[in-house]
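A look at the structure
Residues per chain are reported as follows:
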Amino acid sequence: MAFDLEERFFPCWVVRLSLTGAFATLLMCVAVGQELRMNQIQTVGTHNSYRIGPPPEILRLIRLVSPSSADALDYSHRPIPEQLGAFSIRQLELDLYADPDGGLYANPIGHASLKKSDANAKSHPNINGAMDVPGMKVLHSPGFDYRTTVPTLVTALKQVRDWSQSNPRHVPILILLELKDSVVGPAMVQPIPFDTKLLEAVDAEIRSVFESEQLILPDDVRGAHDCLRDAVGDDGWPTLQEARGRVWFALDNEGSLVKSYLAGHPSLRNRVMFVSVASQHPAAAFRKINDPIRRFREIQRAVQQGLIVRTRADAETREARTGDTRRRDKAFASGAQYISSDFPVADSRFTDYHVAVPGQTEFRRNPIAANQQ
């Protein structure tokens with residue numbers, strides 16, 4: 001029988017043993033040990049995981065108006081399958097704009113401002129007609145920050161699903177979805193606010209790609225409890241063995257959209273996404289706490305209470321430009337299970353700053369949660 005020692009932790013006294021005796025004792029400890037649950041690990045993710053930075057011409061225009069904004073936007077991510085494979089990314093973030101009729105974001109004004117050339121024609125976001133298809137579109141802002149490796153939510157999810165099916169032993173992948181209805185800068189297009197019907201459409205698009213058994217749903221975690229908060233506090237999250245090869249979703253938004261998403265679905269019954277709410281809310285299981293320096297103790301308390309937390313190791317390229325690792329180090333020390341970054345690999349234009357699990361592994365035992373029963 002094979003034991004995955006990365007998924008077990010166990011107390012054991014130290015004795016002098018022969019090699020054979022030591023191996024027997026190790027097996028005994030594994031047998032009585034407690035299997036890690038999905039909240040008892042720590043792994044890394046990416047922020048705006050789909051994003052390609054603006055072309056140099058557009059970035060120069062932005063810099064004329066706001067140098068700090070240009071700096072903040074000057075990063076790009078590799079294609080999602082490469083992130084999952086080469087860099088062991090286990091948390092993704094996608095920004096969604098509703099486009100129920102299709103074509104609303106097919107011709108961004110930023111691209112129209114570029115010089116006519118074969119290269120720019122080939123980089124048009126609607127080169128294959130993907131933006132004409134009705135459904136959720138993935139982009140940062142439809143005016144000048146429109147470039148993306150995955151034009152639609154369905155495209156992105158199919159890439160995750162296909163990679164997952166080819167690598168079925170991966171630890172659970174968290175996908176954060178931020179639903180957007182505003183634009184930064186000129187865009188010549190008015191986004192559509194997310195109402196109840198469009199919230200249902202997000203769930204439907206997820207279910208159009210993933211079967212229920214491929215997902216970790218709020219209903220799965222709640223079990224026989226009336227609310228999620230009691231479930232994660234009393235029974236805990238699924239074991240890592242149960243969660244391997246599966247994907248779960250959380251709403252990145254807070255406030256009114258969370259209330260709308262919960263309406264008619266107490267404690268997220270029959271919903272696909274988890275939501276970030278206060279730790280004592282009946283639907284509390286996941287929290288987004290992005291600042292691991294100012295909110296370090298808050299993250300630790302949430303983790304100690306059995307919640308899963310996503311935080312950010314860096315923001316707006318500041319840490320990558322200066323090589324400052326304080327925020328990254330605090331993120332790992334906080335016990336947050338998912339640590340998001342714009343730099344899973346260093347950008348050679350800046351410093352050697354990057355974010356990865358120590359040892360370049362897929363995950364490690366959580367420094368806070370892994371020691372809890």
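The structure this text deals with has already been given above.
Values in this document were obtained by computation on a predicted structure and should not be read as measured data. (Residues numbered from 1 in each chain as written. Predicted model: local features only at pLDDT ≥ 70, side-chain atom pairs only at ≥ 80, totals over all residues. Heavy atoms only, no water.)

1. What about the sheet that holds strand β6 (residues 173–180)?
Taken in spatial order, the five strands make up an open sheet running β5-β4-β6-β7-β8, and their pairing is mixed. Lying at the two open borders of the sheet, with one neighbouring strand each, are β5 (137–138) and β8 (273–275). Summarising the sheet, β6 and strand β7 (residues 247–251) pair through five bridges and their orientation is parallel. If you follow Ile175 over to β7, its bridge partner there is Phe249. Most of the contacts of helix α7 (residues 153–166) go to β6, to which it runs at about 175°, and overall it touches β4 (91–97), β5, β6 and β7. Strands in contact with helix α8 (residues 196–209) are β4, β6, β7 and β8; relative to β6, the strand with the most contacts, it is inclined by about 150°. (Pairing = 2+ DSSP bridges. Helix = DSSP H or I, 4+ residues; strand = E, 2+ residues; numbered from the N terminus. Contact = heavy atoms within 4.5 Å. Axes fitted to C-alpha atoms, helices over the stretch in contact; angles between N-to-C directions.)

2. Some remarks on the layout of surface pockets
With a probe scaled to a water molecule rolled over the atoms, the places where space remains empty come into view. Of the voids in this model, the largest pocket is the one considered here, and its volume is about 700 Å³. Of all the secondary structure elements, the ones that give two or more residues to the lining of the largest pocket are α2 (56–65), α3 (67–72), β4, β6 and β10 (308–312). Taken together, the residues of the lining of the largest pocket sort by class into ten nonpolar, nine polar and twelve charged. Here the second largest pocket defines a volume of roughly 290 Å³. Forming the boundary of the second largest pocket are 18 residues, of which Tyr75, Ser76, His77, Asp347 and Arg349 lie nearest the centre. Here the lining of the second largest pocket is built from residues that sort into nine nonpolar, four polar and five charged. (1 Å grid on protein atoms, 1.4 Å probe; cavity = no way out; pocket = protein on both sides within 12 Å on 5 of 7 lines; lining within 4 Å. Points joined across faces, edges and corners; volume = space filled by probe spheres on them. Nonpolar A, V, L, I, M, F, W, Y, C, P; charged D, E, K, R; others polar.)

3. Comments concerning the pairing of strand β3 (residues 41–46)
Counting buried positions over the six residues of β3 gives six, a clear majority of the element. Here β3 shows no split at all, with Ile41, Thr43 and Gly45 on one side and Gln42, Val44 and Thr46 on the other all buried. Note: β3 against strand β12 (residues 364–365), two bridges, orientation antiparallel. Within the sheet, the bridge partner assigned to Gln42 lies in β12 and is Arg364. Relative to strand β11 (residues 338–341), β3 is paired through four bridges, and the arrangement is parallel. Its bridge partner lying in β11, Thr43 is registered against Tyr338. (Buried < 20%, exposed > 50% of the residue type's maximum accessible area, 1.4 Å probe, protein only.)

4. Points about α8
The end-to-end C-alpha distance of α8, which contains 14 residues, comes to 21 Å, matching closely the 20 Å that a straight helix rising 1.5 Å per residue would cover. Taken together, the buried residues of α8 touch β4, α7, β6, β7, α12 (256–262) and β8. In this structure Asp195 caps α8, since a side-chain oxygen of it lies 3.2 Å from the backbone nitrogen of Lys197. (Expected span 1.5 Å × (residues − 1). Polar contact = N/O pair within 3.5 Å; in protein donor to acceptor, adjacent residues only side chain to side chain.)

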